[in-house]
Amino acid sequence: MNWLQRAIRRERDALERARRRFIAKPTEKRLHDVRTTGRRFRSLLEDVADLVPSRKLLARVKRAAAATDAARDASIALRLLDAAIDEGERQSASWLFAQLRQREAEATQRAHRRLRHARFVR
Amino acid sequence: MKPERIDLRGRGGTSLARQVLKTRAREVQRQAAGLEHRDKGGLHDFRIACKRLRYALERFEDREPPLQATAECLTRLQDALGEAHDRDVLLSVLPPTMPQTERRLREERESYVDRASVLWREVQELARACALMRFE
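Reading the values: the criteria
- Residues numbered from 1 in each chain as written.
- Chains lettered and ligands numbered in written order.
- Predicted model: local features only at pLDDT ≥ 70, side-chain atom pairs only at ≥ 80, totals over all residues.
- Helix = DSSP H or I, 4+ residues; strand = E, 2+ residues; numbered from the N terminus.
- Buried ≥ 20, exposed ≤ 12 C-beta atoms within 10 Å, placed from the backbone.
- Contact = placed C-beta atoms within 7 Å.
- Core = buried A, V, L, I, M, F, W, Y, C linked by C-beta atoms within 7 Å.
- Axes fitted to C-alpha atoms, helices over the stretch in contact; angles between N-to-C directions.
- Parallel < 35°, antiparallel > 145°, perpendicular 65-115°, else oblique.
- Nonpolar A, V, L, I, M, F, W, Y, C, P; charged D, E, K, R; others polar.
- Left-handed = near helix turned anticlockwise from the far one by under 90°.

Enquirer: When you look at the overall build of chain B in this model, what are you seeing that I'm missing?
Expert: What chain B contains, in helices and strands, is five helices and zero strands. Walking chain B from its N terminus toward its C terminus, one meets helices and strands in the order α-α-α-α-α. Here the C-alpha coordinates of chain B stretch approximately 60 × 25 × 20 Å along the principal axes. Burial status across chain B gives 38% buried among its 136 residues. Considering only contacts in chain B between residues 6 or more positions apart, those separated by 24 or more positions represent 64%.

Quick look at the structure:
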């Protein structure tokens, strides 16, 4: 089916573009793009697995997504904590902010290392 | 939560779209109990099922206009569930020395779950206009 092959190519290319952009400059926004394009592509591959078996590619996409989870969780927790914290408790939470910042930086570096070699196109 | 395998052998075009949407809609409906129970794991599974259905709807929305409206409402539902999930993530690392922040986060979480419940009813209502997808 031509439309299906086209859809797979389009979504695979979108993920590869997002990956390359993140490798060039690992920002939170670019990490988010890798996650969204990856999820979309993964869902397509899972939907049509009966017609287009692609177990290895699907496994690669899943591994790439998993590599970004920790960085995303730390970024969200950091931003949300800053927005929701009770001002009376801010001072006592300085260690938590520091811990989340460190976790975010380390997890982003880890995601960068893992995604550097995770190619989705030949 | 693993996605259900979809039997697509011998199918194409509209029949394929209907089969994909039917399967993903069934998964959403099955996981909707998580929204009623309001627990972290159940909400997470419901959110993932909604996400899969939304992507499928967006893929086929040019075949039937009501699919687009349903997908848009699912996006808002997913956003509300995502906000609740983010609070669950932060609450899991918040120390007990921050009771006021914890209370605020729990209140916000519950309010996002309430919003998700309203949107879930809207999604079901919108789906009634779709010929390609039905909640049973």
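Moving on from the coordinates now.
Enquirer: I would appreciate a short explanation of the interface of chain B and chain A in the present structure.
Expert: Reports often express the size of an interface as the amount of accessible area lost when the parts come together. With 25 residues of chain B at the interface, the matching set in chain A holds 25 residues. At the level of elements, helix H3 (40-60), helix H4 (65-91) and helix H5 (99-127) of chain B are the ones that each hand at least two residues to the side of chain B that touches chain A.

Enquirer: Looking at this structure, how should I read unusual backbone geometry?
Expert: Working note: non-glycine residues mostly have negative phi, and peptide bonds are mostly trans. Residue and element names in this part refer to chain B. Positive phi, normally seen in glycine, also occurs at Arg 38, with a value near 65°. Along the chain, the position of Arg 38 falls in the loop between helix H2 (33-37) and H3. Judged by the 15 C-beta atoms lying within 10 Å of it, Arg 38 falls in the partly exposed class.

Enquirer: Is there a simple way to explain the nonpolar core in this structure?
Expert: Proteins that are soluble and globular tend to have nonpolar side chains buried together. Judged by nonpolar contacts, the single largest core of 34 residues is most densely connected at B:Leu21, B:Cys50, B:Leu53, B:Leu74, B:Leu77, B:Leu81 and B:Ala116. Among the elements of the structure, helix H1 (13-31), H3, H4 and H5 of chain B are those that each provide at least two residues to this core. The biggest single contributor to this core is H3(B), with nine residues. The contacts of B:Cys50, once residues within four sequence positions are left out, are B:Val28, B:Leu74, B:Leu77, B:Gln78 and B:Leu81. Within the second largest apolar cluster, 28 residues are counted, among which are A:Phe22, A:Leu45, A:Leu96 and A:Leu115.

Enquirer: Can you help me understand the packing of helix H2 (residues 28-47) of chain A against H3(B) in this one?
Expert: Angle between the axes and distance between the axes are the two parameters that describe a pair of packed helices. In contact at an axis separation of 10 Å, H2(A) and H3(B) are set at 80° when each is read in the N-to-C sense. With respect to their mutual orientation, H2(A) and H3(B) come out roughly perpendicular. Two secondary-structure elements touch here, H2(A) through A:Arg39, A:Arg40, A:Ser43, A:Leu44 and A:Asp47 and H3(B) through B:Lys51, B:Arg52, B:Tyr55, B:Ala56 and B:Arg59. Of the residues assigned to the contact of H2(A) with H3(B), the class counts are three nonpolar, one polar and six charged.

Enquirer: Would you take a moment to explain the packing of H2(A) against helix H3 (residues 55-84) of chain A for this structure?
Expert: Residues and elements named next belong to chain A. Viewed as axis vectors pointing N to C, H2 and H3 meet at an angle of 145°, and their least axial separation amounts to 9 Å. Seen along the crossing, H2 lies across H3 with a hand that is left-handed. Taken together, the residues of H3 that come into contact with H2 (itself represented by Glu 28, Leu 31, Val 34, Arg 35, Gly 38, Arg 39, Phe 41, Arg 42 and Leu 45) are Leu 57, Leu 58, Val 61, Lys 62, Ala 64, Ala 65, Thr 68, Ala 71, Arg 72 and Ser 75. Split into classes, the residues belonging to the contact of H2 with H3 amount to 10 nonpolar, three polar and six charged.

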